[in-house]
Amino acid sequence: SSEDKCGDKKILGILSGWEHVKLLDQNILDMYVRDFIKVCGLYKTNSIDLRPHPAMTPNGNYASQIADALKSQGINSQVTSCESPVIDESLKYICIAGFASSALRDVRLFNQSISIIAFESVSEHYFSDSKSILGSSDGIDWLNSSGDIVKSNKLNLNNRLSVSEVVNKVYDMRD
């Protein structure tokens, strides 16, 4: 059945920001839902597990609000626990997507086989410059407000200055 195929192709949705809020404002909820639906479309699945931030109050956070909104759009969505490390959990999914969170960076470092997408619109409502949060973010793509995927810049270690070269440049700039 098509249900079985979806089990193999699941998205892990990362929820963060607004940890102490029970319900999101409608505009932020709409952005999360729009972006999760876009990612499901990219990976041809209608199945997503939402992982709340560990600081969120169990059963008193907005994860079920997002899950219900996704279900109303035909997406099979459930809220998972955050007891198991996100790195271990990521091995069960084809893509991890959501808020620009350190969880995305952690998964990128330890799981090279998964696609990672950060949501620019939602993150920009929380951080003034969300893209700086993830640094160069090699291997972490961005879903922008237009619904386009912006591929990450590959980190080129060959053309990188050494620490001593950086210090010398700073020292030379003093003259």
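For the structure, check the block above.
As a starting point, this report considers the structure included with it. (Residues numbered from 1 in each chain as written. Predicted model: local features only at pLDDT ≥ 70, side-chain atom pairs only at ≥ 80, totals over all residues. Heavy atoms only, no water.)

1. As for the packing of helix H2 (residues 26-42) against helix H3 (residues 63-72)
Between two packed helices, what matters for the description is the angle formed by their axes and the separation of those axes.
Okay, step 1: Two numbers describe how H2 lies on H3: the axes approach to 10 Å, and their chain directions differ by 55 degrees. Between H2 and H3, the interaxial angle falls into the category oblique. Viewed along their axes, H2 and H3 form a crossing whose handedness is right-handed. Touching Leu29, Tyr32, Val33, Phe36 and Ile37 of H2 are Gln65, Ile66, Ala69 and Leu70, all from H3. (Axes fitted to C-alpha atoms, helices over the stretch in contact; angles between N-to-C directions. Helix = DSSP H or I, 4+ residues; strand = E, 2+ residues; numbered from the N terminus. Parallel < 35°, antiparallel > 145°, perpendicular 65-115°, else oblique. Left-handed = near helix turned anticlockwise from the far one by under 90°. Contact = heavy atoms within 4.5 Å.)

2. Remarks on the pairing of strand E5 (residues 115-119)
Okay, step 1: For E5, the buried fraction is high: four of the five residues fall into the buried class.
Okay, step 2: Bridge count between strand E4 (residues 95-98) and E5: four bridges; the pairing is parallel. Bridge assignment links Ala97 to a residue of E5, and that residue is Ile117.
Okay, step 3: Each parallel crossover has a hand, and the one from E4 via helix H5 (residues 102-110) to E5 is right-handed.
Okay, step 4: Where E5 and strand E6 (residues 141-143) come together, three bridges link them in parallel fashion. Residue Phe119 lies in a different strand from E6, and its bridge partner there is Leu143. (Buried < 20%, exposed > 50% of the residue type's maximum accessible area, 1.4 Å probe, protein only. Pairing = 2+ DSSP bridges. Right-handed = clockwise from strand over helix to strand, strands pointing away.)

3. Describing the pairing of E4
Okay, step 1: Here E4 shows two buried faces, one formed by Cys95 and Ala97 and the other by Ile96 and Gly98.
Okay, step 2: Bridge analysis of strand E1 (residues 11-14) against E4 gives four bridges, and the strand direction is parallel. Considered in E4, the bridge of Gly13 is made with Ala97.

4. Quick word on a nonpolar patch on the surface
Okay, step 1: Together, Leu161, Val166 and Val170 make up a nonpolar patch on the protein surface, roughly 240 Å² of accessible area in all.
Okay, step 2: Within the secondary structure, Val166 sits in helix H8 (residues 163-173).
Okay, step 3: Val166 sits in the partly exposed class, given a relative accessible area of 39%. (Patch = residues over 30% accessible without salt bridge, like charges linked within 9 Å, V, L, I, M, F, W, Y side chains within 5 Å. Areas by Shrake-Rupley, 256 points an atom, 1.4 Å probe, with all protein chains shown as cover. Salt bridge = Lys/Arg side-chain N within 4 Å of Asp/Glu carboxyl O.)

5. Quick look at the pattern of salt bridges
When charged atoms on two side chains of opposite charge get close, those side chains can pair.
Okay, step 1: This model, assessed by the stated rule, comprises four salt bridges.
Okay, step 2: Put simply, Lys10 and Asp49 hold a salt bridge, and the shortest N to O gap is 3.3 Å. Here the residue Lys10 occupies a position in the loop between helix H1 (2-8) and E1, and Asp49 occupies one in strand E2 (residues 47-51), the gap between them amounting to 39 residues.
Okay, step 3: For Lys10, a relative accessible area of 18% gives the class buried.
Okay, step 4: Looking at Asp49, the relative accessible area reads 4%, which means it is buried.
Okay, step 5: Two residues, Glu89 and Lys92, come together in a salt bridge whose shortest N-O distance is 3.0 Å.
Okay, step 6: The class for Lys92 is exposed, based on a relative accessible area of 53%.

By themselves these figures say nothing about function.
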